[in-house]
Amino acid sequence: MSDPLVTDTPQNQQHLQNLKGPQNQQHPQVQQNPHDRQDPNTLIAEVAVIGGGAGGLAASIVLARSLRSVVVIDAGSPRNAPSAHAHNVLGQEGINPLELVAKGRREAEEYGVRFVDATVVSAEHTQQVTQESEAVGFILETSFGVSIEAKRVVIATGLTDVLPDIPGLSDGWGETVIHCPYCHGYEVRGERIGVIGTTAMSYHQAMLFSQLSDRVTFIRHDAPEPDEAQTRMLESLGITYVDAAVEAVVRTDSGTDVTLRSHTSSAAPRGNEAGATAENETMTVGALAVGPYFRANSEIYEQLGGTVADHPSGMGSSIPAEATGATDVPGVWAVGNSADISAMVVASATSGVLVGAQINAEFIMSSVPS
Ligand SMILES: Cc1cc2nc3c(=O)[nH]c(=O)nc-3n(C[C@H](O)[C@H](O)[C@H](O)COP(=O)(O)OP(=O)(O)OC[C@H]3O[C@@H](n4cnc5c(N)ncnc54)[C@H](O)[C@@H]3O)c2cc1C
């Protein structure tokens, strides 16, 4: 039987009502907080979740199901929105990313989570938070003019994909310009795929795409020259190597045209078939793979005194968090892509579930006298 919370049949809506039961229907989270009534511009919650993507929504649901009051503030731009379909989402294979978060939000609302459609523009401590703190520790200001006071904060703001500065590249982002073989690779299987090198990790990316097509061309662009192992890998997997930079990308009805500028006087390709050999030649591909710089959306975390860390691969930055999601800033937790550049949708939701459970446990423990 399908999950009653994600299938919107009348029977399942009824089932959900039954699951909630009369006690939960009266739960104070679905009523306005007394303080909220006095000042409509201030919401009070035990937990404020900044970001309503997979990570933030999952955290909010666990907390609300633990009878915690939760406010989610969301700017409404999940990272995968440029793609029409989200893959490897168990039970929701191929769902539209915006539909997925809309469903998640409805589920959260059913449990009394309150939402503010806005950007958190600033955050500050109202007092020092310790594991035992029961008092409000944070105040968040939003672009909507609403303030949120909370005891704990979950940063679920995701990351920003910073693409190389190549004219036309961003036009196809999420469709014909892709980064993740597991998110979109199957959809471009068998096509001619150009991989634009940005770091040494781009060789790894080309290797993964070679499983999906025997027409992969590695265009070095900004990546370091291949070492011996990388050269061996390219050759043995039949990946064509072009020592050139990408000057421009143009999306056409028949594919994507890539204009190249040779890094060397002779840009002769090594390997199968490149489709372009010399300066300012154009090759046409079905898809372009590129490794963006994965920059954590960490402004609010930094305002609260946190420091972001560079990923050892050089591919991006993230909020350093323990396996529990706890950060160096007491009372502040991080989930999803803000803390892990490699987390896909399900992994982001999983981290949200774990953090929600940790925060709930911490609240309970703080009420036990030591
Ligand atoms: C093009 C593309 C396609 C992808 N396809 C897949 C796929 O098929 N399958 C898969 O598993 N993964 C896919 N991914 C990865 C997927 O997008 C991430 O795993 C997932 O979005 C991470 O969830 P998150 O909750 O951490 O962040 P997000 O989903 O990015 O959500 C963060 C939310 O926080 C909001 N926000 C940010 N700052 C603030 C602020 N200051 N105040 C309020 N709100 C804020 C944003 O607007 C956004 O709504 C894809 C990624 C890209 C770039």
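Preceding this paragraph is the structure being described.
Predicted model, so just to flag it, every value in this text is computed and none were measured.

Here helix H3 (residues 54-65) crosses helix H9 (residues 345-366) at 35°, and the two axes come no closer than 7 Å. The handedness of the crossing between H3 and H9 comes out as right-handed. Taking contact as the criterion, the partners of Ala 54, Gly 55, Ala 58, Ala 59, Val 62 and Leu 63 in H3 are, on H9, Val 345, Ser 348, Ala 349, Gly 352, Val 353, Gly 356, Ala 357, Ile 359 and Asn 360. In terms of residue class, the contact of H3 with H9 is made up of 10 nonpolar, 5 polar and no charged.

Turning to the packing of aromatic side chains, a few remarks are in order. Taken as a whole and judged by the stated rule, the model has 2 aromatic pairs. An angle of 10° between the planes, with centres 6.2 Å apart, marks the rings of Phe 218 and Tyr 241 as stacked. Here the residue Phe 218 occupies a position in strand E10 (residues 216-219), and Tyr 241 occupies one in strand E11 (residues 240-242), the gap between them amounting to 23 residues. Here the two residues Phe 218 and Tyr 241 agree in accessibility, since each one is buried. Pairwise contacts between aromatic rings join Tyr 203, Phe 218 and Tyr 241 into one cluster.

Attention shifts here to the sheet that holds strand E8 (residues 177-178). The strand order E8-E15-E9-E10-E11 describes an open sheet built from 5 strands, whose pairing is parallel. The sheet is open, and its two edges are formed by E8 and E11, each paired on a single side.

Below, the discussion takes up the sheet that holds strand E13 (residues 255-262). With antiparallel pairing, the 3 strands of this open sheet are ordered in space as E12-E13-E14. The open sheet has two free edges, formed respectively by strand E12 (244-252) and strand E14 (282-285), since each of these has just one partner strand. Strand-to-strand twist across the sheet, computed as the mean angle between neighbouring axes with direction ignored, equals 25°.

With that out of the way, let us pick up the site of the ligand. Taken together, 36 residues form the shell around the ligand, and within it Asp 74, Ser 77, His 87, Val 120 and Ala 343 come nearest. Take Pro 78: an N or O atom from its main chain is 3.5 Å from an oxygen atom of the ligand. Protein burial of the ligand: of its 990 Å² of free accessible surface, 95% is covered by the chains. Residue assignment for the shell around the ligand shows that the elements contributing at least two residues are H3, strand E2 (70-74), helix H5 (181-185) and H9. Here the shell around the ligand spans two domains, since at least three of its residues come from each of domain 1 (10-160 + 293-366) and domain 2 (164-290).

Right, let's talk about the nonpolar core for a bit. Proteins that are soluble and globular tend to have nonpolar side chains buried together. With 24 residues, the main nonpolar core has Ile 73, Leu 140, Ile 148, Ile 155 and Val 332 as its most contacted residues. Mapped onto this core, the elements with two or more residues apiece are strand E1 (42-50), E2, strand E4 (120-125), strand E5 (138-142), strand E6 (147-155), helix H8 (299-303) and strand E19 (332-334). If we ignore the near neighbours within four places in the chain, the residues touching Ile 73 are Ala 48, Val 49, Ile 50, Gly 51, Gly 52, Val 116, Ala 118, Val 120, Leu 140, Thr 142 and Ile 148. Core analysis: the next-biggest nonpolar cluster, separate from the first, contains 21 residues, Ile 61, Leu 63, Ala 326 and Val 335 among them.

This brings us to H9. For H9, built from 22 residues, the straight-helix expectation of 32 Å at 1.5 Å per residue is met to within 8% by its first-to-last C-alpha distance of 32 Å. The complete set of buried residues in H9 reads Ser 348, Gly 352, Val 355, Gly 356, Ile 359, Asn 360, Glu 362, Phe 363 and Ser 366. An end-on view of H9 places all buried positions within 160° of arc, on one side of the element. Packed against the buried residues of H9 are E1, H3, E6 and E19.

Cut-offs used in this document
Residues numbered from 1 in each chain as written. Predicted model: local features only at pLDDT ≥ 70, side-chain atom pairs only at ≥ 80, totals over all residues. Heavy atoms only, no water. Axes fitted to C-alpha atoms, helices over the stretch in contact; angles between N-to-C directions. Helix = DSSP H or I, 4+ residues; strand = E, 2+ residues; numbered from the N terminus. Left-handed = near helix turned anticlockwise from the far one by under 90°. Contact = heavy atoms within 4.5 Å. Nonpolar A, V, L, I, M, F, W, Y, C, P; charged D, E, K, R; others polar. Phe/Tyr/Trp six-rings, centres within 6.5 Å; stacked < 30°, edge-to-face > 60°. Buried < 20%, exposed > 50% of the residue type's maximum accessible area, 1.4 Å probe, protein only. Pairing = 2+ DSSP bridges. Near = heavy atom within 4 Å. Polar contact = N/O pair within 3.5 Å; in protein donor to acceptor, adjacent residues only side chain to side chain. Areas by Shrake-Rupley, 256 points an atom, 1.4 Å probe, with all protein chains shown as cover. Domains from an automatic or database assignment. Core = buried A, V, L, I, M, F, W, Y, C linked by side-chain atoms within 4.5 Å. Expected span 1.5 Å × (residues − 1). Arc of directions from axis to C-beta.

Note that all results are geometric; they support no functional claim without further evidence.
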